[in-house]
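For reference, the chains in residue letters:
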Amino acid sequence: RENWPIVFYNRTCQCQGNFMGYNCGDCKFGFTGPNCTVRRTLIRKEIYRMTATEKDKFIAYLNLAKRSLSSEYVIATGTYEQMNNGSNPMFADINVYDLFVWLHYYASRDAFLEGDLVWRDIDFAHEAPAFLPWHRFFLLHWEHEIQRLTGDENFTIPFWDWRDAQQCDICTDE
């Protein structure tokens, strides 16, 4: 995104088959099993079709994510230049919930180009053709992290069908 330094990316692997993740230890979305060969389909539920128990579990999982440090990820707290060209890494722990807040923010902010150029004219996550695929991947990744955190491999994020809504009927204290 920022022409991030190759010094960090050269340490990552290229996953084979249906494996993914920074260490190729996870199955790609839609696969499970010891060799990631078993096809798996999860179906998201419309939020108004969820039972009270399902809604309570969803809220409990989000609250757990807010209280749990990510065991897999940290965030950069400085630019490559501030990190002295990568020789002084600046990273911080982050909870699972805020990791996804940060990822969403980071995808939406100004794009840093070569040299000192900054492109402020477009939000790539929201004002470009990548809107749908980017958010699809974002939600799959978020679900995966909640599944990992809770041990609930059937967890899915509910959706809100807003097509016939006259107002934000989901915007309640509940």
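Note that this is a predicted model, so its numbers are computed, not measured.

Reading guide: rules and limits
- Residues numbered from 1 in each chain as written.
- Predicted model: local features only at pLDDT ≥ 70, side-chain atom pairs only at ≥ 80, totals over all residues.
- Heavy atoms only, no water.
- Disulfide = S-S within 2.5 Å.
- Buried < 20%, exposed > 50% of the residue type's maximum accessible area, 1.4 Å probe, protein only.
- Core = buried A, V, L, I, M, F, W, Y, C linked by side-chain atoms within 4.5 Å.
- Helix = DSSP H or I, 4+ residues; strand = E, 2+ residues; numbered from the N terminus.
- Phe/Tyr/Trp six-rings, centres within 6.5 Å; stacked < 30°, edge-to-face > 60°.
- Lys NZ or Arg CZ within 6 Å of the ring centre and 35° of its normal.

This paragraph deals with the state of the cysteines. Summed over all chains, the structure comprises 3 disulfides. Covalently, Cys15 is tied to Cys24 through a disulfide, its sulfur atoms 2.2 Å apart. Where Cys15 bonds to Cys24 through sulfur, the torsion about that S-S bond is close to -90 degrees, and the disulfide is left-handed. A disulfide bridge connects Cys27 with Cys36, and the sulfur atoms are separated by 2.1 Å. Its S-S torsion of approximately -85 degrees makes the covalent link between Cys27 and Cys36 left-handed. The buried category is assigned to Cys27, whose relative accessible area is 16%.

One recurring pattern in soluble globular proteins: nonpolar side chains tend to sit buried together. Of all hydrophobic cores here, the largest spans 16 residues; its most connected members are Phe58, Val96, Leu99, Phe100, Trp142, Ile146 and Phe155. Mapped by element, the contributors of at least two residues to this core are helix H2 (52–67), helix H3 (96–108) and helix H4 (131–150). Of all the elements, H2 adds the most residues to this core, at 4 residues.

For the rest of this paragraph, the subject is the packing of aromatic side chains. A complete count under the given rule lists 7 aromatic pairs for this structure. Considering the side-chain rings of Phe100 and Phe138, the 5.7 Å spacing of their centres and the 70 degrees angle between planes classify their relative orientation as edge-to-face. Here Phe100, found in helix H3, pairs with Phe138, found in helix H4; they are 38 residues apart in sequence, far enough to count as distant. With relative accessibility at 3%, the residue Phe100 sits in the buried group. Judged by its relative accessible area of 11%, Phe138 falls in the buried class. An aromatic cluster is defined as three or more aromatic residues linked by ring pairs; in this entry it consists of Tyr97, Phe100, Trp134, Phe138 and Trp142. Above the plane of the ring of Phe31 lies Arg39, whose end atom (NZ or CZ) is 4.8 Å from the centre. When the ring centre of Tyr97 is taken as reference, the NZ or CZ atom of Lys66 above it lies at 4.7 Å.

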